[in-house]
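The primary structure of each chain is shown beneath.
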Amino acid sequence: MKRKKSLNRKTVLAFIVLSVFFVLFVKLIYIQIFLHNKISHSVGRMVNCQTVEVPKRGDILDAKGNILATSVKKYNIFLDPKIIEDFSNIKDVLLKNGIQVKEKNLSDYGNRAYVPIAYDVDSSVANNIKMMKLRGVGFESKYVRKYPEGKMLSNILGITDHHGNGLEGIEKTCNNCLLGNSVIASTYRDGRGYIIQNKVIDQSKICGQNVILSIDRNIQYIAEQELRKTFEKYQAKKAICIVQNPKTGSILAMVSLPDFDYLEKIKDLKVLRNAAISDIYEPGSTFKIVTVASALEENKAKLSDTFYLENGKLKIGGHTIRDDHKIEGKVSLSKAMEMSSNIAMIKIAKKLGVNDFYEYIRKFGFYSLTGIDLPGEAKGLLLDVKHWNALTLPTISFGQGIGVTALQMINVFTAIANGGVLLKPYIVQRIGKYNENDTQENFHTMEIRRVVSKETAYMMKKILKNSVDFGTGKSAKVMGYTVGGKTGTSQKVDHLTKAYSKKFYTASFCGMLPAMEPEFVVLVIIDEPKGRSYYGSSVASPVFSSIAQSIAQYLEIPKDDISKNKI
Amino acid sequence: MYKSFFFILLLVISFFVYLWQQSTSIRFAYKISALQSEYNNIISENDNLRLKINSMLALDKMYKIAKERNFIVADEQNTVYIE
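Residues numbered from 1 in each chain as written. Chains lettered and ligands numbered in written order. Predicted model: local features only at pLDDT ≥ 70, side-chain atom pairs only at ≥ 80, totals over all residues. Heavy atoms only, no water.

**Describing a positive patch on the surface**
A cluster of like positive charges, contributed by Lys313(A), Lys315(A), Arg322(A), Lys326(A) and Lys502(A), occupies part of the molecular surface. Inspection of the secondary structure puts Arg322(A) in strand E14 (residues 319-322). (Patch = residues over 30% accessible without salt bridge, like charges linked within 9 Å, V, L, I, M, F, W, Y side chains within 5 Å. Areas by Shrake-Rupley, 256 points an atom, 1.4 Å probe, with all protein chains shown as cover. Salt bridge = Lys/Arg side-chain N within 4 Å of Asp/Glu carboxyl O. Lys, Arg positive; Asp, Glu negative; His and termini not counted. Charge placed at Lys NZ, Arg CZ, Asp CG, Glu CD. Helix = DSSP H or I, 4+ residues; strand = E, 2+ residues; numbered from the N terminus.)

Set out below in structure tokens:
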């Protein structure tokens, strides 16, 4: 009887417990299944939020992996006076982190809900403030573009706008690769405002790709230093220097002065211009290699040919063409180049003929874009062959009456240096993902066309070497090395008189080192040097010499002129 | 009787296991979020430090320091190469 009673009690107790759970279970089913849509919709509105994950813009690196441009996360800090509880505490915390709040009282802000108090604050400082969990202090993160090398390469790297879009230079050309992909990230916010990520975003997948240039930071610095000295010394209007690898066509350094400093406000937009590819100039005597190479290639001239130089004066179409160095009697072709004779060039070009000469000018890449991966390239100026008059061929033969870019000019010397092949110059060497080892795109040497045979190129290199050893380019010599090159001094057109000026000149020198097996080619242009000296031989050649000396030392190029260690 | 009791008990236990798993996943979500933001902070701090290093090693700055301290490029004849 007792046993039966106890069994009944247990059954009742179990029944009660199970009933309670059953009721709870039924309620849960009701909430989970029947009220699911309604509740999840209202909860979703409260807890779900979407944020745009802005990707980090890719870095621009030099050939050795040094950072030339990068983006860092910075914060703008703002106050929301409407929800601030302890203003003095906020002021103290901000002050400890180096941020001063000007207003004394909270009421000074009036009815505003957004008061920015500090811009571009470092992430470490922002994190310190965040950790204090101050009510009414907000943070806006953004990426700021930084250029650790300062002024260096400013014309090449270019600039970005406030939204991080490239406006000039590499920043513009490679904008699509550098940008990365914005991602809309959905997050959950709990009752206390804590955020739970719905999906972990792999930053490496949304970040912009890195752009690796062919520029070598050290060579760039050498070129920039030396060029700046001369640019300032002669108070020139512009100065350009390009260093190119003749074997690949890659640009090792490119300097255009005046340039700009990223830390200073840009007052004149002209400084953004990359004169090395955008500005055209009359090359003067450096162009003579085109005349001579074309004639040698077409067998219209030989190294043994001699030319009568008309005692330094030649009348053509009512104009008198003069040689700077008066040479009496006849001289060989090589000697004519050494002494940079205009009259000899006219005679050689005449032998070649108008059509062939024009064809070779185009073949060498003039009046065409080189296709370099930089924005704003000019193709130069060249009168159509149909419109050439009696004076066009003679003047172009010594580099006047034609407009070329510095890049076109050095590319011609590069073609001669590598044995006669015109190469496409390039500055972007590789485009890789966020991880530097993961390369997506490689840019290789691209041959445009063969312009002259190896034999002609070899003869030209010899002529250029003699030009430095015995001719106008003596001041371009480099101790311990053989150098080949050509000076150039061209008259500029005076825009007032619309005639060639006797005041304004462009001095240039383009050369290669070592002379017969060149490792690099350097072009130096000084535009409108002030003072008595304006010749390529006295203004530009010494700059070449200093740059070439330092680069040869840096690249550890073996000395090839041991017999002449002294200049 | 016992069979149904155990069945209901199993059902209840499963339900609590489900609840425990839900709360654990939320705890993990908090932890992952915290770690993710810490990771992002470390990356951005790393970027800042990399920038600082590169700015300090900028050639122009090095040149100015060298100039201030009267450093000169060693003459080739005075350079000894140790192999």
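**Focus: the interface of chain B and chain A**
Taken together, the contacts link 29 residues of chain B with 38 residues of chain A. Between chain B and chain A lies a buried interface of about 2,900 Å² when both sides are counted; carbon and sulfur atoms form 59% of it. Taken as a group, Tyr30(B), Leu51(B) and Leu59(B) account for 20% of the area that chain B buries against chain A, more than any other trio of residues on that side. Across the chain B-chain A interface, the total number found is one salt bridge. (Contact = heavy atoms within 4.5 Å. Buried area = accessible area lost by both parts, 1.4 Å probe.)

**Section: the confidence of the model for chain B**
Of the residues in chain B, 100% reach a pLDDT of 70 or more, and the chain-wide mean stands at 87. Here the predicted complex scores 0.84 on pTM and 0.76 on ipTM. (pLDDT = per-residue confidence, 0-100.)

**Some points on the pattern of salt bridges**
Residue and element names in this part refer to chain A. For the structure shown, the criterion picks out 26 salt bridges over all chains. Of the charged contacts, one joins glutamate 226 and lysine 229 as a salt bridge, the two residues approaching to 3.5 Å between their closest N and O atoms. Of this pair, glutamate 226 and lysine 229 both sit in helix H9 (residues 217-233), separated by three residues, roughly a single helical turn. A residue is classified by how much of its surface remains accessible, and glutamate 226, at 17% relative accessible area, is buried. Connected via shared salt-bridge partners are Lys237, Lys238, Arg273, Asp279, Lys492, Asp527 and Glu528. (Buried < 20%, exposed > 50% of the residue type's maximum accessible area, 1.4 Å probe, protein only.)

**Concerning the packing of helix H16 (residues 406-417) of chain A against helix H17 (residues 454-469) of chain A**
Residue and element names in this part refer to chain A. Following both chains from N to C, one finds H16 and H17 inclined at 115 degrees, their axes separated by 8 Å at the closest point. Judged by the inter-axis angle, H16 sits roughly perpendicular to H17. Facing Phe413, Ile416 and Ala417 of H16, the residues of H17 in contact are Ala457, Met460, Lys461 and Leu464. Its residues placed into classes, the contact of H16 with H17 shows six nonpolar, no polar and one charged. (Axes fitted to C-alpha atoms, helices over the stretch in contact; angles between N-to-C directions. Parallel < 35°, antiparallel > 145°, perpendicular 65-115°, else oblique. Nonpolar A, V, L, I, M, F, W, Y, C, P; charged D, E, K, R; others polar.)

**What about empty space enclosed by the protein?**
Residue and element names in this part refer to chain A. Inspection of every chain in the model, using the stated rule, returns one cavity of 30 Å³ or more. There is about 40 Å³ of room inside the largest cavity. Those elements that provide at least two residues to the lining of the largest cavity are helix H5 (154-157), H9 and strand E10 (251-257). Taken together, the residues of the lining of the largest cavity break down into four nonpolar, four polar and three charged. (1 Å grid on protein atoms, 1.4 Å probe; cavity = no way out; pocket = protein on both sides within 12 Å on 5 of 7 lines; lining within 4 Å. Points joined across faces, edges and corners; volume = space filled by probe spheres on them.)

**Quick word on a nonpolar patch on the surface**
Among the surface-exposed residues, Val12(A), Leu13(A), Phe15(A), Ile16(A), Val17(A), Val20(A), Phe21(A), Leu24(A), Phe16(B), Tyr18(B) and Leu19(B) lie close enough to one another that they form a single nonpolar patch of about 1,000 Å² accessible area. Secondary structure elements with two or more residues in the nonpolar patch: helix H1 (2-34) of chain A together with helix H1 (2-56) of chain B. Among the elements that make up the nonpolar patch, the one with the highest residue count is H1(A) (eight residues). Along the polypeptide, Phe16(B) turns up in helix H1.

**Side note on the side chain of Asp261(A)**
Residues and elements named next belong to chain A. Here aspartate 261 lies in the loop between E10 and helix H10 (275-278). Of the polar contacts made by the side chain of aspartate 261, one reaches the backbone nitrogen of leucine 263; its length is 3.1 Å. Those residues in contact with aspartate 261 that sit more than four places away from it in its chain are Gly150 and Lys151. (Polar contact = N/O pair within 3.5 Å; in protein donor to acceptor, adjacent residues only side chain to side chain.)

**Regarding the environment of Tyr535(A)**
Within the element layout of this structure, Tyr535(A) appears in the loop between strand E23 (520-527) and helix H18 (536-554). Judged by relative accessible area, Tyr535(A) falls into the partly exposed class, the value being 33%.

**Some words on the nonpolar core**
Residues and elements named next belong to chain A. Formed by 89 residues in total, the largest nonpolar core has its most connected members in Ile170, Met254, Ile361 and Phe364. The element contributing the most residues to this core is H16, with nine residues. Look past the residues within four positions of methionine 254 in its chain and what remains in contact with it is Leu153, Ile156, Ile215, Gln220, Cys241, Ile242, Asn274, Ala276, Ile277, Ile372, Leu374 and Leu407. Counting 35 residues, the second-largest nonpolar core is a separate cluster that includes Ala236, Phe520, Ala540 and Ala548. (Core = buried A, V, L, I, M, F, W, Y, C linked by side-chain atoms within 4.5 Å.)

**Digging into the packing of helix H4 (residues 123-131) of chain A against H1(B)**
Two numbers describe how H4(A) lies on H1(B): the axes approach to 9 Å, and their chain directions differ by 145 degrees. Across from Ser123(A), Ser124(A) and Asn127(A) in H4(A), the residues of H1(B) making contact are Asn41(B), Ser44(B), Glu45(B) and Asn48(B).

**Concerning the sheet that holds strand E21 (residues 484-494) of chain A**
Residue and element names in this part refer to chain A. Ordered by their spatial adjacency, five strands build an open sheet running E10-E9-E23-E22-E21, and the pairing between neighbours is antiparallel. Edge strands, defined here as strands with exactly one partner in the open sheet, are E10 and E21. Across this sheet, the average inter-strand angle for adjacent strands is 10 degrees, counted without regard to direction. Strand direction decides the pairing type here: strand E22 (residues 499-513) and E23, joined by eight bridges, are antiparallel. Among the inter-strand pairings, alanine 507 is bridged to a residue of E23, identified as isoleucine 526. Contacting E21 and E22, H17 runs over the sheet at an angle of about 75 degrees to E21. H18 rests against strand E9 (238-244), E21, E22 and E23 of the sheet, and its axis sits at about 25 degrees to E22. (Pairing = 2+ DSSP bridges.)

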